[in-house]
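# Examining the three-dimensional arrangement
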Amino acid sequence: MEQYDAVIVGAGLAGLTCGLELAEQGRKVLLLEAEPVVGGRTSSYIDNGMKVESGFHRYIGFYSEMPKVLRKAGIQLNEIFTWEEKVEIRVRKQEKLITLGAAPLFGPKKTIMGILGNNELLPPRDKLSLVSFFLGGLKDLITNPKKLDAYNIRDYAKKHRVSEDAFHNVIIPFSTGLYFLPPERYSAYVFFGLLAPAIKRFYKMRIGAFLGGMTDVMCQPMAEAIQKKGGIVKTDHKVCKLHMDWQNKLTGVEMEEGRIFYGEKVVVATTLNSAKQLLKPLFKDHPWFQPMFKLPMMSAATLQLELKKPALPKDITTFGPRTSLISFAEQSRSTFRHVPGRLSIIMSNPERFLEMTPEETLQVVVKDANLLGMDFKENIIDYRQINHYDDFHSLEPGYHWMRPEQVTPVEGLLLAGDYTMQPYFATMEGAVVSGQKAARAILSSKKR
Ligand SMILES: Cc1cc2nc3c(=O)[nH]c(=O)nc-3n(C[C@H](O)[C@H](O)[C@H](O)COP(=O)(O)OP(=O)(O)OC[C@H]3O[C@@H](n4cnc5c(N)ncnc54)[C@H](O)[C@@H]3O)c2cc1C
């Protein structure tokens, strides 16, 4: 019988963090990952001969737990990130770009110029209309978060009389550009909730683009650190059932071929969708799980292209409001240096593209890219569409309160994952914090 202190289902950032924290404290851990590589939504892999990633990711400088965990795994931030001091917003059918500084301390000039400049595309009147929106949102976040969660971003901007141009050219990039949701479906609570830590730690603000595929530079090294500390990480191991004993204690997990791994604790560190599938057969009527079973999910879609030359002069985060290329980045000098040009695009509205073939998606992207002043049609070497069906919990108004805590009322069972309750929503930092919270709960409970 294979018995562990903790069996962790899923080796995304949440599962890897939990495993690392436990292994470091001498606990015997087993991580079981369904896919051939670790990393989940931060994975990178080869798809029919082309190097791809789950979608381009940005590390945000105010993350505080993720860097600690990466350092524990022996990873130095400066070795895996290249730093961006600004982001660009391409305005549809306009020649000029809006450039916003994204690193007040590391690139103060660009930050100040971003606020004072860009007057042609964003006159001072439009900028002023944003002030009451941001101040009001941050105040409501502190004084009345539930009320804020009743608004979507579109209605909240209307309430604060934000001009149409300011709404499209600033708010949409920082809402839809980050979470793919159209503003009519995006909770104002989530929008300001994500900004709040940035304000507290504004001096830390900068944006990191990965120097290599995320599995290669981050997740696999984390898995190796777990193994060095005595843990075991198994890929291609899909858990299909949770095991409960006659006293209703979770005791292990079962694989498709019937093999069982036993654990004093079982941490379900999957997406919300997979967690529901594993938990529902056992806890369909359990009151504690009802909100999480009802918490809706949302999807994402990305298109990734290899090109004969770079599509953009720099590898920086770029937003394309009012087009399907809501956020994108050239990556041939940063993440994927093996090809002359590499473009990674996060699509808006994802649901529309999930229905399309990659060829159809490409047609839309080429047309919309033209509107943003980019023409790469003749330079395409290869491309892939990577879809994430129902991989996120819904960030629409009214759902935040349905997210479960990591500690459950079922003995032996814990949850981790970005959808579980932590302040960073669906981000890498959120996943890491959820994994830490699950690990801390295990470490503070007595071993039997
Ligand atoms: C396109 C895209 C862009 C993003 N951009 C950013 C960004 O710029 N910045 C940022 O901070 N965050 C970003 N994110 C969000 C970030 O990737 C996620 O919040 C985070 O990676 C979630 O980690 P997790 O461990 O909670 O879940 P996941 O990474 O989804 O891990 C869950 C793991 O469980 C495994 N699993 C599921 N079911 C089973 C089973 N039955 N048995 C075994 N294993 C199972 C899955 O295969 C997966 O590996 C982005 C996400 C996407 C998709």
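Residues numbered from 1 in each chain as written. Predicted model: local features only at pLDDT ≥ 70, side-chain atom pairs only at ≥ 80, totals over all residues. Heavy atoms only, no water.

## Considering the sheet that holds strand β5 (residues 58–60)
Taking strand neighbours across the sheet as the criterion, the three strands line up as β5-β9-β6 in an open arrangement whose pairing is antiparallel. The open sheet has two edge strands with one neighbour each: β5 and β6 (81–84). Each neighbouring strand pair of the sheet contributes to a mean axis angle of 35°, computed without reference to strand direction. Of the pairings in the sheet, the one linking β6 to strand β9 (residues 207–210) comprises four bridges and is antiparallel in character. Residue pairing for β9: Thr82 is matched across the bridge by Ala209. (Pairing = 2+ DSSP bridges. Helix = DSSP H or I, 4+ residues; strand = E, 2+ residues; numbered from the N terminus. Axes fitted to C-alpha atoms, helices over the stretch in contact; angles between N-to-C directions.)

## Here we look at the pattern of salt bridges
Overall, the coordinates contain 17 salt bridges when judged by the stated rule. Between Lys72 and Glu24 there is a salt bridge; the shortest N-O distance is 3.5 Å. Of this pair, Lys72 sits in helix α2 (residues 65–72) while Glu24 is found in helix α1 (residues 13–24), placing the two residues 48 residues apart along the sequence. The partly exposed category is assigned to Glu24, whose relative accessible area is 32%. For the salt bridge of Asp382 with Arg384, the shortest nitrogen-to-oxygen distance reads 2.9 Å. (Salt bridge = Lys/Arg side-chain N within 4 Å of Asp/Glu carboxyl O. Buried < 20%, exposed > 50% of the residue type's maximum accessible area, 1.4 Å probe, protein only.)

## Some thoughts on the packing of aromatic side chains
The full count for this structure, using the stated rule, is 22 aromatic pairs. Plain terms: the ring middles of Tyr59 and Tyr63 are 5.5 Å apart, the flat faces sit at 85° to each other, and that makes the pair edge-to-face. Residues Tyr59 and Tyr63 agree in their burial class; the two are buried. Seen from their ring centres, Phe134 and Phe191 are 6.2 Å apart, and the 35° between their planes marks the pair as tilted. Pair noted here: Phe134 is in helix α5 (residues 124–143) and Phe191 is in helix α9 (residues 188–200), with a separation of 57 residues, a long-range link. Note on Phe134: relative accessible area 26%, which makes it partly exposed. Just above the ring of Trp83 sits the side chain of Arg206; from NZ or CZ to the centre is 3.8 Å. (Phe/Tyr/Trp six-rings, centres within 6.5 Å; stacked < 30°, edge-to-face > 60°. Lys NZ or Arg CZ within 6 Å of the ring centre and 35° of its normal.)

## Focus: helix α14 (residues 358–371)
With 14 residues, α14 should reach 20 Å at 1.5 Å per residue; the first-to-last C-alpha distance of 20 Å fits that figure. Buried within α14 we find Thr361, Leu362, Val364, Val365, Val366, Asp368 and Ala369. In the core, the buried residues of α14 are packed alongside β14 (297–307), β16 (325–330), β17 (341–347), α13 (350–354) and β18 (380–393). Backbone geometry just after α14 places Gly373 at a positive phi near 80°. (Expected span 1.5 Å × (residues − 1). Contact = heavy atoms within 4.5 Å.)

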